[in-house]
Amino acid sequence: QTMAKIKIGLFASEPDSESNMKISKEAEKRGHTVTNIRPSDCLLHISPSENGHDSLYLNGKRVGKNDLDVVIARSGAGANNYSLAVLRHFANIGVP
């Protein structure tokens, strides 16, 4: 039985840390793809109207719900309000 391939976003301020590298390596070994997402590489656009469309850009490219299946948050003590807003945006577009 084959397992579905998952598009994983690893949300961490230090994706090159030993623990984050291990997560990436193990996921890729199982055939999944991992995208490192640093909060500082994200641009969150909040619509001025209540029924407008918010959007998130990663390194200049818009990120939608079809780009990732899941986001693993590894911010730890470095989490701030902006990081939490980015994670909330992922949840709002249907990426757990």
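Residues numbered from 1 in each chain as written. Predicted model: local features only at pLDDT ≥ 70, side-chain atom pairs only at ≥ 80, totals over all residues. Heavy atoms only, no water.

Would you mind going over the overall build of the chain with me for this structure?
Along its length, the chain carries two helices and six strands. Within the chain, buried positions represent 29% of all 96 residues. Across the chain, the fraction of contacts at a sequence separation of at least 24, relative to all contacts at a separation of at least 6, is 67%. Of the roughly 6500 Å² that the chain leaves accessible, carbon and sulfur atoms contribute 51%. A gap of 6 Å separates the mean positions of the 12 positive and 10 negative side-chain charges of the chain. (Helix = DSSP H or I, 4+ residues; strand = E, 2+ residues; numbered from the N terminus. Buried < 20%, exposed > 50% of the residue type's maximum accessible area, 1.4 Å probe, protein only. Contact = heavy atoms within 4.5 Å. Areas by Shrake-Rupley, 256 points an atom, 1.4 Å probe, with all protein chains shown as cover. Lys, Arg positive; Asp, Glu negative; His and termini not counted. Charge placed at Lys NZ, Arg CZ, Asp CG, Glu CD.)

Just checking my understanding: could you explain helix α1 (residues 18-29) for this structure?
Because an α-helix completes one turn every 3.6 residues, residues spaced three or four positions apart along the sequence face the same direction. Taking 1.5 Å of rise per residue, 12 residues should cover 16 Å, and α1 covers 16 Å from first to last C-alpha, within 8% of that figure. Of all the residues in α1, the buried ones are Asn20, Ser24 and Ala27. In an axial view of α1, the angular spread of the buried residues amounts to 70°, which keeps them on one side of the axis. Of the residues in α1, the exposed ones pointing more than 90 degrees away from the buried face are Glu18, Lys22, Lys25 and Lys29. Where α1 terminates, the next one or two residues include Gly31, which has phi positive at roughly 90°. (Expected span 1.5 Å × (residues − 1). Arc of directions from axis to C-beta.)

Mind showing me how you'd approach the pairing of strand β4 (residues 55-58) here?
Looking along a regular strand, one sees side chains alternate from face to face of the sheet. Of the pairings in the sheet, the one linking strand β3 (residues 42-45) to β4 comprises four bridges and is antiparallel in character. Looking at β4, one finds that Leu44 is bridged to Leu56. Between the antiparallel neighbours β4 and strand β5 (residues 61-63) lie two residues, among them Asn59 with a positive phi of about 50°. (Pairing = 2+ DSSP bridges.)

Before we go on, may I ask you to explain the sheet that holds β4 in this structure?
Paired through backbone hydrogen bonds, the strands of a sheet run either parallel or antiparallel to each other. Sheet architecture is open: three strands sit in the order β3-β4-β5, paired in antiparallel fashion. The sheet is open, and its two borders are formed by β3 and β5, each paired with just one other strand. Taking each pair of neighbouring strands and ignoring which way they run, the sheet shows an average axis angle of 35°. Seen against the sheet, helix α2 (residues 81-92) touches β3, β4 and β5 and runs at an angle of roughly 70° to β3. (Axes fitted to C-alpha atoms, helices over the stretch in contact; angles between N-to-C directions.)

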